[in-house]
Amino acid sequence: MTVTAIGAAVRRKEDHRFITGKGQYTDDINRPGQTHAYFLRSPHAHANLKKIDLSKAKAMPGVVAIYTGDDVAADKIGGLICGWMIHSKDGTPMRAGPHPILAQGKVRYVGDHVAVVIAETLSQAKDAAEAIVVDYDVLPAVVEAGKAQAKGAPQVHTEAPANTVYDWHIGDKAATEAAFKAAKHVTKLDIVNNRLVPNAMEPRAAIGEYDAGNDALTLHTTSQNPHVARLVLSAFIGIAPEHKLRVIAPDVGGGFGSKIFIYAEETVCVWAARKCGRPVKWTADRTEEFLCVAHGRDHVTRAELAIDADGKITGLRAKTIANMGAYLSTFASSVPTYLYATLLSGQYAIPNIYCEVDAVYTNTAPVDAYRGAGRPEATFVVERLVETAAREIGMDPAAFRRRNFITKFPHQTPVIMTYDCGDYKASLTKAMEMADVKGFGKRRREAARRGKLRGLGYSTYIEACGIAPSQAVGSLGAGVGLWESAEVRVNPVGTVEILTGSHSHGQGHETTFAQLVSSRLGISIDNVSIVHGDTDKVQFGMGTYGSRSGAVGMSAISKALDKIEAKAKKVAAHVLEAAEADIDFKDGKFTVKGTDKAVDFGTVALNAYIAHKFNPQELEPGLKEGSFYDPTNFTFPAGCHICEIEVDQETGVARIVKWTAVDDFGNVINPMIVEGQVHGGIAQGVGQALLEGTVYTADGQLVTASYMDYAMPRAHDLPSFEVGMTVTPCPSNPLGIKGCGEAGAIAAPAAVINALTDALGTEDVPMPATPLALWSIIAKQSKAAIAAE
Amino acid sequence: MYPFKYQKAATVRGAVSLLKKAEEPKLLAGGHTLLPTMKQRLASPKTLIDLSAAGLSGIEQKGRSIVIGAMTTHAEVANSPVVQQAIPALAKLAGHIGDPQVRHRGTIGGSVANNDPAADYPAALMALGAVVHTSKRKIPAEEFFAGMFSTALDEDEIITKVAFPIPSKAAYVKFPNPASRYAIVGVFVAKKGSNVRVAVTGAGSNGVFRHEAMEQALAKRFNPKSLEGIATPAADMNGDIHASADYRAHLVGVIARRAVAAATA
């Protein structure tokens, strides 16, 4: 048997299936008697629904059923929930308006679900939807976070006066104010963290199905966490009890957070399947995804940094307004609070931090977690402040960072987090060497001769991953625990099935998880299969997001493997006729200490099942163990990214010419997969910084509703990345893993903007820094220069 | 997409006859504008007349012109040794339209007939002084393009080929939209003897146009420096979230200089 060790850059097992077109995605699945759902969506951002006339539509060919919010209310189907309670400063709970799966009385954003048409074909469903007559009483809309709380602004939900869901804060306000009063220098920045549209390659899809014989429902859906979907659909929305509802998330083509949430569409499909007695299938087209998938980011922040005479940071304060969109999505409330403000210490020993966050409703698509979720926003605030402060006080940005780095661990920040380990100087030093920072001055002069403005920017980021200790998140308002489960089933021939509550939608679990088993049991990764994404197969699990599948999901597997090993030793002792205490297990072989007696893992597995060699009163037959693993802390991946960029003075086009990433993810299982995650993350971060702008008109129409106007990063927009690593093993889980899925997206935007501000000599560079935005800055500067002469 | 009738024409004459008879017909060339519009239910022709078998593909040199059949794909133009030899700027232009899938379906006739204000080919036709051959007549490029999405074609008229006189120098430079990769500004410059033409696509509020001030300056001296100080009025430019009218007006100058530099390199 060939063992594939932890640390081997082995190719992904699952890729053969994907690249030969043999993947099974939700849209690939068809059920007998299947119907097609089409959602009639609101063309208005804000309107009262006066009347919906279905008479003509219901008579159209092929129509099976048409449902509206009235049908949902009549069936007592609950609304979508937000699973994380946040309290305002005065201790009152957040003010959330209802979130019905089909609009009831009012629509609140363009794309809001007015009715569902179920027909024999999708074309027939669309035809019938066109025949529905809706009488809208159009209301004024509010779109921008910064305008939502203004006097006289349109009210999105009556439950939330001034459109304010909560006004929350964290940290010691008085101590932070004192630090600012005593500061030698204060750096101030106004920051807009631009709204992004997640663009998973596979759009969302669902098939709801009802088995009348067993009165049971099955939902195939594009989910990152099918068990949580089942829990919410069952316990909160009232679709069916959990044992009567099976949720399957088959192959899923990317999520980036957007498939964590429980949406109206899949809920309608599974509810309607029982109601109309036929399987109901829905697949979003790309425009529906742009309009209705949960968007990301959208913060407006005033941030300040206090610095003393020695160049030490003494305080940070920030006031953020976070745009929640028209409804609170599943985890929306946690993103601009506990996933954001708790990271405002960055990699720095900052003694005083105070942050206020107002979450506001607007007439836009709901906003929730998107790759990084709060941590890219925090990193952007901290790293923009630090870079700007260093420039303002005339210190080298790297030296300023070094002076303020945390160097002793564990480190308690003023904003909840206890960093367990790290070596921030090591990653900065290595990145600076790889990026040849010393030679930058020469490269900048050479670029100037070609009419290019060259800049260099750092981002020394930190993130809290491996979400998370259940007790800790529970105390902060989470509605669920964030442990993970695993089951290891050893078959009689010694092959192994791993059942995991994690879900792979691009991360490569089928390979990395198999590597762990291979190295622990001494069997080939080809003899390990990973089972996930089906609530009828896996007992329970919390799913994949927040870079948690390695640190939490694999730790659960590791714990279950401990139990397998212990039981297998007992079996081996019987097979080898030795005392259990004398059995050693190494490289897939059980041996008896001090003898040459040995038996391999497969033989032990077989003996566990045939049970000829032991008394079932002493030892149960079989070899199957499970574990629920709850971590002791978050993990804290950190690192240093350096971006070098050139701006064409004539056109404003920015081109990244060099990218260096040095990350500390703790122990790494498969360096190739990890590097791929870093590449993808950087691409998304560069997308946010240079390309991806979500534009709504003042009356709430989404201008960037297709790839004609929403600019996704392409290979052409990216340089070849230089990726390095430093390692401080994580002490908070048995494998020493920190997680790598979000790092690139968290680090990259600040690195890009710090490079651009360096190149242009102004701190006022917006995201996305499009050619138009950069040219406008350059044109303004040259006008000012001419005026000064 | 709404239901429609599909018909395949074997000849141009047959296609014209179908076009005259059929109910609410549309000609189908590469379909890369028409089909997405139909899928979004923004267009609903009752009949599609497929021109793929009407014998309209092919590239040949005829005297001092390159003649390209209307159904010739962008990829065929880009990869044609004849075009690459005679008008390399045209081959390069075709090689940068859309993506490989678009280039293997999209056709020169379809692009020209659609006259999208951000399409690349109209700039080439205008700058090279091309002549559009149809089922009825021959139309010089500047009479053919009639403002955005509008041409001189009659309802029952079909483009059969486009003839490009071979220039002595030519180049096309495109400043792409970061999202769609269509031209925000595309400038085609061509010199033939003492005659210089500068055609701009993507930028103008009424589609492709010739930049006469630039043409005059370049006719005196065909050099990027000749264009310095020539302003393009922003009032005539398009503006959108990607590029304001001012920015487009500025880019016309920058991209035109780069095109002249490329043509003289």
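If you're wondering where the values come from, they're calculated on a predicted model, not measured in any experiment. (Residues numbered from 1 in each chain as written. Chains lettered and ligands numbered in written order. Predicted model: local features only at pLDDT ≥ 70, side-chain atom pairs only at ≥ 80, totals over all residues. Heavy atoms only, no water.)

**Student:** What's the story with the nonpolar core in this structure? I'm lost.
**Tutor:** Burial of nonpolar side chains together is a common tendency in soluble globular proteins. All names here are of chain A. Counting residues in each nonpolar core, the largest one holds 185 residues, and the members touching the most others are Trp271, Leu344, Trp659, Leu690, Val752 and Leu756. In terms of residue count, helix α19 (residues 743-760) provides more of this core than any other element does, 12 residues in total. Judged by nonpolar contacts, the second largest core, of 44 residues, contains Met554, Ala568, Val575 and Ile669. (Core = buried A, V, L, I, M, F, W, Y, C linked by side-chain atoms within 4.5 Å. Buried < 20%, exposed > 50% of the residue type's maximum accessible area, 1.4 Å probe, protein only. Helix = DSSP H or I, 4+ residues; strand = E, 2+ residues; numbered from the N terminus.)

**Student:** What am I meant to see in the pairing of strand β10 (residues 216-221) of chain A here?
**Tutor:** Residue and element names in this part refer to chain A. With respect to burial, β10 is a largely interior element, 6 of its 6 residues being buried. Side chains Ala216, Thr218 and His220 of β10 all project onto a buried face; the interleaved residues Leu217, Leu219 and Thr221 project onto the opposite face, where all are buried too. Linkage of strand β9 (residues 205-211) to β10, two consecutive antiparallel strands, is achieved through a turn of 4 residues, within which Asp215 is found at a positive phi near 50°. In the sheet, β10 pairs with strand β11 (residues 245-248) via 4 bridges, with the strands oriented parallel. (Pairing = 2+ DSSP bridges.)

**Student:** Mind showing me how you'd approach helix α11 (residues 397-404) of chain A here?
**Tutor:** Turn by turn, an α-helix covers 3.6 residues, leaving residues three or four places apart pointing in a common direction. All names here are of chain A. Among the residues making up α11, those that are buried are Pro397, Ala398, Phe400, Arg401 and Asn404. Projected onto a plane normal to the axis of α11, the buried residues spread over an arc of 160° and lie on a single side. Buried residues belonging to α11 abut β13 (299-307), β14 (313-325), α10 (375-392), α12 (424-434), β18 (452-462) and α19. The backbone nitrogen of Ala398 lies 3.1 Å from a side-chain oxygen of the residue at the head of α11, namely Asp396. (Arc of directions from axis to C-beta. Contact = heavy atoms within 4.5 Å. Polar contact = N/O pair within 3.5 Å; in protein donor to acceptor, adjacent residues only side chain to side chain.)

**Student:** Just to check I follow, could you spell out the pairing of strand β4 (residues 59-62) of chain B for this structure?
**Tutor:** On a regular strand, one side chain projects to one face of the sheet and the next to the other, so that they alternate. Residue and element names in this part refer to chain B. Taken together, the 4 bridges between β4 and strand β5 (residues 65-69) define a ladder with antiparallel strand orientation. Note that in β5 the partner of Glu60 across the bridge is Val67. Counted along the chain from β4 to the antiparallel partner β5, the turn is 2 residues long, and its residue Gly63 has a positive phi close to 60°.

**Student:** I'm lost on the domain arrangement of chain B in this one. Help?
**Tutor:** Interface extent is often summarised as the accessible area lost during association of the parts. By domain assignment, chain B separates into domain 1 (5-50), domain 2 (59-165) and domain 3 (169-264). Placing the centre of domain 1 of chain B and that of domain 3 of chain B at their C-alpha centroids yields a distance of 34 Å. (Domains from an automatic or database assignment.)

**Student:** It is not clear to me how the interface of chain B and chain A should be interpreted in this structure. Could you clarify?
**Tutor:** Every contact between the two is made by 22 residues of chain B and, on the other side, 23 residues of chain A. Surface buried jointly by chain B and chain A totals about 1800 Å² across both partners, of which 54% is contributed by carbon and sulfur atoms. Measuring nitrogen to oxygen at the nearest pair gives 2.8 Å for the salt bridge that ties Arg258(B) to Asp648(A). Connecting chain B to chain A are 12 residue pairs in polar contact (both at pLDDT 80 or more). Residue contributions to the side of chain B that touches chain A peak at 7 residues, all from helix α11 (residues 245-264) of chain B. Taken together, the residues of the side of chain B that touches chain A sort by class into 11 nonpolar, 5 polar and 6 charged. (Buried area = accessible area lost by both parts, 1.4 Å probe. Salt bridge = Lys/Arg side-chain N within 4 Å of Asp/Glu carboxyl O. Nonpolar A, V, L, I, M, F, W, Y, C, P; charged D, E, K, R; others polar.)

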